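Residues per chain are reported as follows:
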Amino acid sequence: PDLSALPDSVTVAQTAPLLGNPEVVLLDVREPSEYAEGHIPGVVLIPSGQVAARLAEIPKDKPVIVTCRSGNRSAAVTRLLREQGFTNVHNMEGGIVAWQSAGYPVEK
């Protein structure tokens, strides 16, 4: 897939083929308790309240797809990252709720 052409907001169908791609970072901004209930395989967990303090852990040279439960927190974190100079950041619409509804894999 052409990673340079990802829209600002991506669907779960656009995200699923990128699973396991070392050139893409999936960032889950939910709380650890939510993450433990089920998460996208290979996702990186940084709770939304910690993102600003942990910017150094998020690569600026790869596409970052931000996800949460329903898409609200990830949209806010996507805006924050753009304000901090990240240019290749994308919000996954519908979050893990949409991901599971579409039948994509979840780890616990």
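The structure this text deals with has already been given above.
The text that follows walks through the structure, step by step, so that each part is easy to find. Numbers given to residues run from 1 along each chain, matching the order in which its sequence is written. This being a predicted model, a pLDDT of at least 70 is required before a residue's local features are given, and a value of 80 or more before pairs of side-chain atoms are given or counted; all residues contribute to the totals for chains, interfaces and linings. Each side-chain value is worked out from all heavy atoms of the structure, with water and hydrogens disregarded.

## Describing the sheet that holds strand 2 (residues 25–28)
Here is step 1 of the chain: Think of it this way: DSSP has to see at least two bridges between two strands before they count as a pair. Starting at the N terminus, helices and strands are each numbered in turn, a helix being any DSSP run of H or I of at least four residues and a strand any DSSP run of E of at least two. Strand order in this open sheet of five strands is 1-5-4-2-3, and the pairing throughout is parallel. Each end of this open sheet is capped by a strand with a single partner; those strands are strand 1 (9–10) and strand 3 (44–45).
Here is step 2 of the chain: Relative to strand 5 (residues 89–92), strand 4 (residues 64–67) is paired through three bridges, and the arrangement is parallel. Note that in strand 5 the partner of I65 across the bridge is H90.
Here is step 3 of the chain: Packing of helix 3 (residues 72–83) onto the sheet brings it into contact with strand 2, strand 4 and strand 5, and relative to strand 5 it is tilted by some 175°. For this analysis, residues touch if any pair of their heavy atoms sits within 4.5 Å. The axes are straight lines fitted to the C-alpha atoms, using for helices just the contacting stretch, and the angles between their N-to-C directions are given from 0 to 180°.

## Some words on the pairing of strand 4
Here is step 1 of the chain: Each residue is assigned to one of three classes by its accessible area relative to the maximum for its type, calculated with a 1.4 Å probe on protein chains only: buried under 20%, partly exposed between the two thresholds, exposed over 50%. Burial of strand 4 is two-sided: the residues V64 and V66 facing one way and the residues I65 and T67 facing the other way are all buried.
Here is step 2 of the chain: Two strands pair when backbone bridges link them, and strand 2 and strand 4 are joined in this way by four bridges, in the parallel orientation. Among the inter-strand pairings, L27 is bridged to a residue of strand 4, identified as V66.

## So, the pairing of strand 5
Here is step 1 of the chain: Burial of strand 5 is two-sided: the residues V89 and N91 facing one way and the residues H90 and M92 facing the other way are all buried.
Here is step 2 of the chain: If the strands point away from the viewer and the path from the first strand over the helix to the second runs clockwise, then the crossover is right-handed. Crossover connection from strand 4 via helix 3 to parallel strand 5: handedness right-handed.

## Description of the pattern of salt bridges
Here is step 1 of the chain: Only one rule defines a salt bridge in this text: a Lys or Arg side-chain nitrogen within 4 Å of an Asp or Glu carboxyl oxygen. Applying the stated criterion across every chain yields a total of four salt bridges.
Here is step 2 of the chain: Note that E34 and R73 form a salt bridge whose closest N and O atoms lie 2.9 Å from each other. With E34 in helix 2 (residues 32–37) and R73 in helix 3, the pair connects residues that are 39 residues apart, well separated along the chain.
Here is step 3 of the chain: According to the relative accessible area criterion, E34 is buried, its value standing at 17%.
Here is step 4 of the chain: R73 sits in the partly exposed class, given a relative accessible area of 26%.
Here is step 5 of the chain: Across the pair R54 and E57 runs a salt bridge whose closest N-O atoms are separated by 2.8 Å.

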